[in-house]
Amino acid sequence: MPRTAPPLALSWGLALFGAALFPPHAGGQTMPKSETPPAIRKAAGERWLVAHPAKPLPVEKTAAAELALYLSRAAKLDARAVSETELPAPDAADAYVGATDFLRAAGLRREPLKQESYAIKTHAGKLVIFGDDDAGPPFSSRTRTGTLFGVYDFIENNLGVTWIWPGRTGEHVPARDGLTLSALDRTEAPDFIIRAFIVGYQRQENSAEMSAATGPWLKRMRLSWVTQAWFGHSWGTYVLGKKDLVAAHPEWLALWGGVRRGPHLCTSNKALRDHIVECVLDDAKKKGNRIVSISPSDGYGFCECEHCRALDPPGTDYGAKLNLSNRHWDYADYIAREVKKRDPDLGVGMFAYTAYREPPTQIERLSDNLYVSFTFSTAYFVKPESRDETYRQVEAWKAKGIRIVGREYWGMHYWLDLPYLFTREIAQAMPYLHDRGLVAMYGETGKNYGTQGPNYYLAAHLMWRPHADPAPILDRFYAAFGPARDAVRRYYETFEDCLHRHRDRIPSYGYRPLLNAWPEIFPAAEVARAGEHLAVARRAVAGQPEFEERLKVVEVGYEYTATMLELLEVYRRLGRAGVPLWNFGPEGDAAEAVHYKLPGNDMIPEVREYWSRQPRVTLTAEEKLRLLRRARELGDRRVRILNENADLPAVSRGLYEYTIQTGIRPWHRIVTEELARAEAEADTKAPK
């Protein structure tokens, strides 16, 4: 069995082996007379030995321990993991996990194993699980853990265990007496070479339990990032984070508003391009990456110099529909070709993002070592025109001869941890995108499983097998709520139905329009209807601690949702009445423009145009004071919900803390300051 990472093949072709994601359940206790005898049968309490190799890789030892643990918990067997050297005879174990001597002697190994693949077999009355592994930490996303994936497949599909989110509250282990297995012979390999959730905001949660639980949960979902590839924003690393370099080469910075400054660079500058070529080669040498990022910085502030603009098509709209793809992909293609001259096997990766999401028009075929990390969100597919536009872009990128890596936004900060549920779109998009050549998939999520749990659970399973039937996957998610399964399903489906019913109220998926649309997308009456389903669920699980604790995660999500939606409505009224709340009114966005020192200290044209179309709100002094007090009350409640439930995988305190630390959403601070002014003014006008 291979113990070192195979070289990265630039044409990733993964074969599909064996059974569907959810094969028929094989753990029943009775057997119809017409069936063949079971391959394995053990009664509750019987001994079950799980053997791993004498010198196991960490993943093999962990896989054996996990299998023994769940056989004990789910089937009530007396199971324990041992080394083959502890066995009284080579065939004395009941299960063999990893590259064991038993596996070799039985001739069950098939070489070569595909990356992260595994096999689950019954042989001579034994259960055998093995896979493609390496020597890294078992729960690291960078470690090849085929054997562990195989064990989790068996635990999920043959023991019926479900992990709907990280941690104790997300684990459902149904009770059974003993174990009966029909003959097993399935081999699995993933359809996407990268399958990953980015949980960056979650790192700020400061919860030891969640930190410890997240790695194992991601492995149980069979997610990983073993291919050594980096696609993130790179300019801070290569240029902007190096003060001496910036001082020596100010001409490398974008010319924006007449000033050379970040966060963007002058992509037409050849010296800058050549510097980044060296950075890519250096990264590959020092860090071992085989796909190295050259992605621009986030946000706007693109270069306005004559050399960059000369690369843009004639008539380029530098306003709301900014398309700078020609200049950015000229930069990317140049670097990729120069890198290939020096290292033919090294890939170069770049986001297709914001103003450069479209393919370039002036380059027919891009360098074949260029990987496009195509940014999109299946959430947008709720509006069919957004789905169709994304599919058009995917087809256009495919025609450029490059490899496409999907960069998703399943749980981005635009959703504010609200129950934006789009499982239907995930189920439709995943196989479509796979069939059109996407080789990998990764995207943002959060610790907001209480509001977005069904999205994450389905997306995780479909990244392994995009064509799997979504219905049994979601059935398993809801079954984890026991007697409340139907009520919890209706609860989540109320929000998903609501989203589809009111999708025309989404003016666009820009941050500001979406932020202001949330109270219209989820009207108060429909939020209350979801709460009624949750009340039914609460009564159904009363007195059953496991299900009560699991349901609490959903209940926290609901309390947060109801609070946040009312708060956003209050912000909207205050902002349109002149309170300088960023993103909620022209006065607020004018203040934000000054804060960020935008050119002329003024709003960008599309923001000004947006507010020209929005109705103003007139408030009396008394109404304004009342709304400010309500905003502070709701804001305080939001913070309380986040703090009191920080250890639960319900909503993301880390996301909120990030906005406070970076100052990008100072809503509560502005409300507090405006309230103090309004109360002081009211005091001066009060009769003495």
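Described below are features of the structure shown in this document. Numbering of residues begins from 1 in every chain and follows the order in which that chain's sequence is written. The predicted origin of the model limits local features to residues at a pLDDT of at least 70 and limits the giving and counting of side-chain atom pairs to 80 or more, whereas totals for whole chains, interfaces and linings rest on all residues. Based on all heavy atoms of the structure, the side-chain values leave hydrogens and waters out of the count.

## Some details on the sheet that holds strand β18 (residues 438-444)
As a general point, the strands of a sheet are linked pairwise by backbone hydrogen bonds and lie either parallel or antiparallel. Selection rule: Think of it this way: DSSP has to see at least two bridges between two strands before they count as a pair. Secondary structure elements follow DSSP: runs of H or I of four or more residues count as helices, runs of E of two or more count as strands, with numbering from the N terminus. For helices, the fitted axis covers only the stretch in contact; all axes are lines through C-alpha atoms, and the angles between them, taken along N-to-C directions, range from 0 to 180 degrees.
Spatial ordering of the open sheet is given by β11-β18-β17-β16-β15-β14, a layout of six strands whose pairing is parallel. Since the sheet does not close on itself, it has two edges, and those belong to β11 (195-198) and β14 (291-293), each with one partner. Averaged over neighbouring strand pairs, the angle between their axes works out to 25° when direction is ignored. In this structure, strand β15 (residues 347-352) lies alongside strand β16 (residues 370-375), joined through five bridges in parallel fashion. Among the inter-strand pairings, Gly-349 is bridged to a residue of β16, identified as Tyr-371.

## Re the packing of aromatic side chains
Definition in use: Ring pairs are drawn from Phe, Tyr and Trp, using the six-membered ring of Trp, whenever the two centres fall within 6.5 Å, and their geometry is named by plane angle: stacked under 30 degrees, edge-to-face over 60, tilted for the rest. Buried means the residue's accessible area, taken with a 1.4 Å probe over protein chains only, is under 20% of the maximum for its type, while exposed means over 50%, and partly exposed covers the values in between. Two conditions define a charge sitting above a ring: the NZ of Lys or the CZ of Arg must be within 6 Å of the ring centre, and it must be within 35 degrees of the ring normal.
By the definition in use, this model includes 49 aromatic pairs. For the ring pair Phe-584 and Trp-667, a centre distance of 5.3 Å and an interplane angle of 70° mean the geometry is edge-to-face. Highlighted residues: Phe-584 in the loop between α17 (545-576) and α18 (586-595) and Trp-667 in helix α22 (residues 667-685), separated in sequence by 83 residues. Overall, Phe-584 belongs to the buried group, its relative accessible area being 0%. Among the residues examined, Trp-667 registers a relative accessible area of 2% and is labelled buried. It is Lys-287 that lies over the ring of Trp-230; its NZ or CZ is 5.8 Å from the centre.

## Focus: the environment of Gln-428
Operational definition: Two residues form a contact once any of their heavy atoms are found within 4.5 Å. Under the rule applied, a polar contact is a pair of N or O atoms within 3.5 Å (in protein, one hydrogen donor and one hydrogen acceptor; residues adjacent in sequence only if both atoms are side-chain atoms).
Topologically, Gln-428 is positioned in helix α11 (residues 423-435). In this structure, Gln-428 is in contact with Arg-387 and Tyr-391, ignoring residues within four places of it in sequence. For Gln-428, the side chain forms a polar contact with the side chain of Tyr-391, separated by 2.6 Å.

## Here we look at the packing of α17 against helix α20 (residues 621-644)
Helix-helix packing is characterised by the crossing angle of the two axes and by the distance between the axes. Condition: Angles are sorted into four bins: roughly parallel if under 35 degrees, roughly antiparallel if over 145, roughly perpendicular if 65 to 115, and oblique for all others. Left-handed is the label given to a crossing in which the near helix is rotated counterclockwise from the far helix by less than a right angle, and right-handed is the label when the rotation is clockwise. Each residue is assigned to one class: nonpolar for Ala, Val, Leu, Ile, Met, Phe, Trp, Tyr, Cys and Pro, charged for Asp, Glu, Lys and Arg, and polar for all the others, Gly among them.
Interhelical geometry of α17 versus α20 gives an angle of 150° and a closest axis separation of 9 Å. With respect to α20, the element α17 is oriented roughly antiparallel. Seen along the crossing, α17 lies across α20 with a hand that is left-handed. Grouping the amino acids of the contact of α17 with α20 by side-chain chemistry returns 13 nonpolar, two polar and nine charged.

## Some points on the side chain of His-461
Checked against the element boundaries, His-461 lands in helix α12 (residues 449-464). Judged by relative accessible area, which is 2%, His-461 ranks as buried. Side-chain polar atoms of His-461 contact the side chain of Glu-156, separated by 3.0 Å.

## Let's talk about the packing of helix α7 (residues 270-287) against helix α9 (residues 325-342)
It is at 9 Å that the axes of α7 and α9 come closest, and there the two elements cross at 50°. If you check the angle between α7 and α9, you find them oblique. Crossing handedness for the pair α7 and α9: right-handed. Mapping the contact onto sequence places Lys-270, Arg-273, Asp-274, Ile-276, Val-277, Glu-278, Val-280 and Leu-281 in α7 and Arg-327, Asp-330, Tyr-331, Tyr-334, Ile-335, Glu-338, Val-339 and Arg-342 in α9. Of the residues belonging to the contact of α7 with α9, the class tally is eight nonpolar, no polar and eight charged.

## As for the sheet that holds strand β10 (residues 185-188)
Overall, mixed pairing links the six strands, which are arranged β3-β2-β4-β6-β5-β10 in an open sheet. The strands lining the two open edges of the sheet, one partner per strand, are β3 (78-83) and β10. Strand-to-strand, the axes of this sheet are offset by a mean angle of 15°, without reference to chain direction. Bridging between strand β4 (residues 95-97) and strand β6 (residues 126-131) involves three bridges; their strand directions are parallel. Bridged to Ala-95 within β6 is Leu-127. Where helix α1 (residues 58-75) meets the sheet, its contacts fall on β2 (47-52), β3, β4 and β6, and the angle it forms with β2 comes to roughly 170°. Running at roughly 135° to β6, helix α3 (residues 146-159) makes contact with β4, β5 (118-123), β6 and β10 of the sheet.

## Concerning the pairing of strand β17 (residues 403-409)
Put simply, the rule is: By definition, the crossover connecting two strands over a helix is right-handed if that path, from the first strand to the second, turns clockwise as seen with the strands pointing away from the viewer.
Counting buried residues along β17, six of its seven residues qualify, which places the element largely inside the surrounding structure. Pairing between β16 and β17: five bridges, direction parallel. The partner of Thr-375 across the bridge, within β17, is Arg-407. Note on the crossover from β16 through helix α10 (residues 384-398) to β17: the handedness is right-handed. In this sheet, β18 lies alongside β17 in parallel orientation, the contact comprising six bridges. If you follow Val-405 over to β18, its bridge partner there is Ala-440. Crossover handedness for the path β17 to α11 to β18: right-handed.

## A look at the nonpolar core
The cut-off we apply is this: In these notes, a set of buried Ala, Val, Leu, Ile, Met, Phe, Trp, Tyr and Cys residues joined through side-chain atoms within 4.5 Å is what counts as a nonpolar core.
Of all hydrophobic cores here, the largest spans 193 residues; its most connected members are Phe-154, Phe-197 and Trp-518. With 14 residues, α17 is the largest single contributor of residues to this core. Of all hydrophobic cores here, the second largest spans 13 residues; its members include Ala-51, Leu-87, Ala-93 and Ala-119.

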